[in-house]
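Tertiary structure, described
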Amino acid sequence: MKTTDECYDEPYTGTCPDCEGTGRVECDVCEGEGGTDTEVCAACNGDGGMICPECDGAGEATYHMGQKI
Ligand SMILES: [Zn+2]
Ligand SMILES: [Zn+2]
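Conventions used here
Residues numbered from 1 in each chain as written. Chains lettered and ligands numbered in written order. Predicted model: local features only at pLDDT ≥ 70, side-chain atom pairs only at ≥ 80, totals over all residues. Pairing = 2+ DSSP bridges. Helix = DSSP H or I, 4+ residues; strand = E, 2+ residues; numbered from the N terminus. Buried ≥ 20, exposed ≤ 12 C-beta atoms within 10 Å, placed from the backbone. Core = buried A, V, L, I, M, F, W, Y, C linked by C-beta atoms within 7 Å. Contact = placed C-beta atoms within 7 Å.

Moving on, we come to the sheet that holds strand β4 (residues 60–64). The strand order β1-β4-β5 describes an open sheet built from 3 strands, whose pairing is antiparallel. The two strands at the open ends of the sheet, each matched to only one other strand, are β1 (12–15) and β5 (67–68). Sheet topology note: the β1/β4 ladder contains 4 bridges and is antiparallel. Considered in β4, the bridge of tyrosine 12 is made with tyrosine 63.

For asparagine 45, which is not a glycine, the phi torsion comes out positive at approximately 55°. Positive phi outside glycine occurs at aspartate 56, with the angle close to 55°. Considering the arrangement of structural elements, one finds aspartate 56 in the loop between β3 (49–51) and β4. In this structure aspartate 56 comes out as exposed when scored by C-beta crowding, with 11 C-beta atoms within 10 Å.

Attention shifts here to the nonpolar core. By size, the foremost hydrophobic cluster in this structure holds 5 residues: Cys16, Cys19, Cys52, Cys55 and Ala61. With sequence-adjacent residues up to four places away left out, cysteine 16 is seen in contact with Gly21, Cys52, Glu54, Cys55, Gly59, Glu60 and Ala61.

Moving on, we come to the environment of alanine 61. By the secondary structure assignment, alanine 61 is in strand β4. In the structure, alanine 61 is positioned 45 residues away from cysteine 16 in sequence and 5.2 Å away in space, judged by C-alpha atoms. Setting aside chain neighbours within four positions, we find alanine 61 in contact with Cys16, Glu54, Cys55 and Lys68.

Following this line, the structure appears as structure tokens:
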């Protein structure tokens, strides 16, 4: 879901599109696997996920003029 044009220039708070409100995203280093059979992923410590960088784990984000604020 993308922000529609009609609310483009007004601050818009909504569910974070990156994590869909969970505040967490799949680790992009190990693609959610947590590492390989022999190695734990250093980026997520084997967790397979990380705090969403888009909303810092809040699960929602506020945008204005297409920019996160
Ligand atoms: Zn990882
Ligand atoms: Zn997020």
